[in-house]
Amino acid sequence: MLSAAALTVATGVWVILPAYVPNSVAVLVGGGPPIDGGRTWRGERLLGDGKTWRGFLGGTLAGAALALVMNALQPTLAPALPSFPPAAVVTLPLGAMLGDSAGSFLKRRSGRERGAPAPLLDQLGFVVVALGLTLAVAPAWTLATFTLPVLAVVLLLTPLVHVLTNVGAYLLGLKEEPW
Ligand code: CTP
Ligand code: MG
Ligand code: K
């Protein structure tokens, strides 16, 4: 039996995993044609070379595949934790990649070059959009799952996990900057 606090932390980690994985997979599979096709707006790239179709689609598919695997394992492995409704299987990873792209859009508008850090936006933007999109398409599940304590766990843990995985990817030579 998990204590209530441990269950809250476990739930936060579990439900947000399909939104974390797309970023890491995008680093691994990214490259090729940029989403913005090289287009610029007011002298700056729309999104930049760091946002590619391969990264976006590969990341989204990997996150959705993970959610499906978690759904399959949940009844035996984690009966106390929630499973993902079909809408959330799609919107958690898709929202994460949309939020990541929106962050790059905002970074380009403020003159930050590809790879330049934008504190908070880099670490939390993707998870805010992932949760917002999921709330829009599966409101009952989202409100029941992301209680205030679970939400607090997610918002506190996300920047930490994001920083640690990016430093790890940098040390492994997978990423050009440690953020
Ligand atoms: N990546 C990708 N496609 C995406 C997202 C990420 O190919 N949709 C890959 C790119 O190789 C990118 C790397 O993952 O450089 C790291 O992602 P991120 O830090 O989000 O991109 P940055 O290069 O830092 O670009 P930006 O300043 O626009 O965030
Ligand atoms: Mg970056
Ligand atoms: K980013």
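Residues numbered from 1 in each chain as written. Chains lettered and ligands numbered in written order. Predicted model: local features only at pLDDT ≥ 70, side-chain atom pairs only at ≥ 80, totals over all residues. Heavy atoms only, no water.

In the annotation of an unreviewed UniProt entry, the protein is listed under the name CDP-archaeol synthase and assigned to Salinirubellus salinus. Of the comments in the UniProt record for the protein, the one headed Pathway (unreviewed entry) reads "Membrane lipid metabolism; glycerophospholipid metabolism." (UniProt positions renumbered as here; feature names shortened; annotations may be inferred.)

1. Quick word on the packing of helix H1 (residues 4–29) against helix H3 (residues 86–109)
Contact pair H1 / H3: the axes reach a minimum separation of 8 Å and the direction vectors enclose 50°. What the angle tells us is that H1 and H3 run oblique. As for the relative orientation of H1 and H3, their crossing is right-handed in sense. On H3, the residues that touch Val15, Pro18, Ala19, Pro22, Asn23 and Ala26 of H1 are Leu92, Pro93, Ala96, Met97 and Asp100. (Axes fitted to C-alpha atoms, helices over the stretch in contact; angles between N-to-C directions. Helix = DSSP H or I, 4+ residues; strand = E, 2+ residues; numbered from the N terminus. Parallel < 35°, antiparallel > 145°, perpendicular 65-115°, else oblique. Left-handed = near helix turned anticlockwise from the far one by under 90°. Contact = heavy atoms within 4.5 Å.)

2. Details of the site of ligand 1
Among the 17 residues in the neighbourhood of ligand 1, the closest are listed as Lys51, Thr52, Ser104, Arg114 and Gly115. Within the contact set of ligand 1, an oxygen atom lies 3.3 Å away from a side-chain nitrogen or oxygen of Asp100. Contact between ligand 1 and Arg108: an oxygen atom at 2.7 Å from a side-chain N or O atom of the residue. Counting atoms within 2 Å of the grid points, the majority share of ligand 1 lands in the largest pocket. Among the elements of the structure, H1, helix H2 (53–77) and H3 are those that each provide at least two residues to the shell around ligand 1. Looking at side-chain class alone, the shell around ligand 1 contains 3 nonpolar, 7 polar and 7 charged residues. (Near = heavy atom within 4 Å. Polar contact = N/O pair within 3.5 Å; in protein donor to acceptor, adjacent residues only side chain to side chain. 1 Å grid on protein atoms, 1.4 Å probe; cavity = no way out; pocket = protein on both sides within 12 Å on 5 of 7 lines; lining within 4 Å. Sits in = over half its atoms within 2 Å of the grid points. Nonpolar A, V, L, I, M, F, W, Y, C, P; charged D, E, K, R; others polar.)

3. Quick notes on H3
Here H3 contains 24 residues, and its C-alpha end-to-end distance of 35 Å stays within 8% of the 34 Å for a straight helix at 1.5 Å per residue. Once H3 ends, the next one or two residues include Gly111, with phi positive near 80°. (Expected span 1.5 Å × (residues − 1).)

4. Concerning the layout of surface pockets
Taken as a whole, the largest pocket spans an internal volume of roughly 980 Å³. Lining the largest pocket are 42 residues, and of these Asn23, Val27, Gly50, Lys51 and Lys175 sit closest to its centre. Secondary-structure elements contributing two or more residues to the lining of the largest pocket are H1, H2, H3, helix H4 (121–137) and helix H6 (148–171). (Points joined across faces, edges and corners; volume = space filled by probe spheres on them.)

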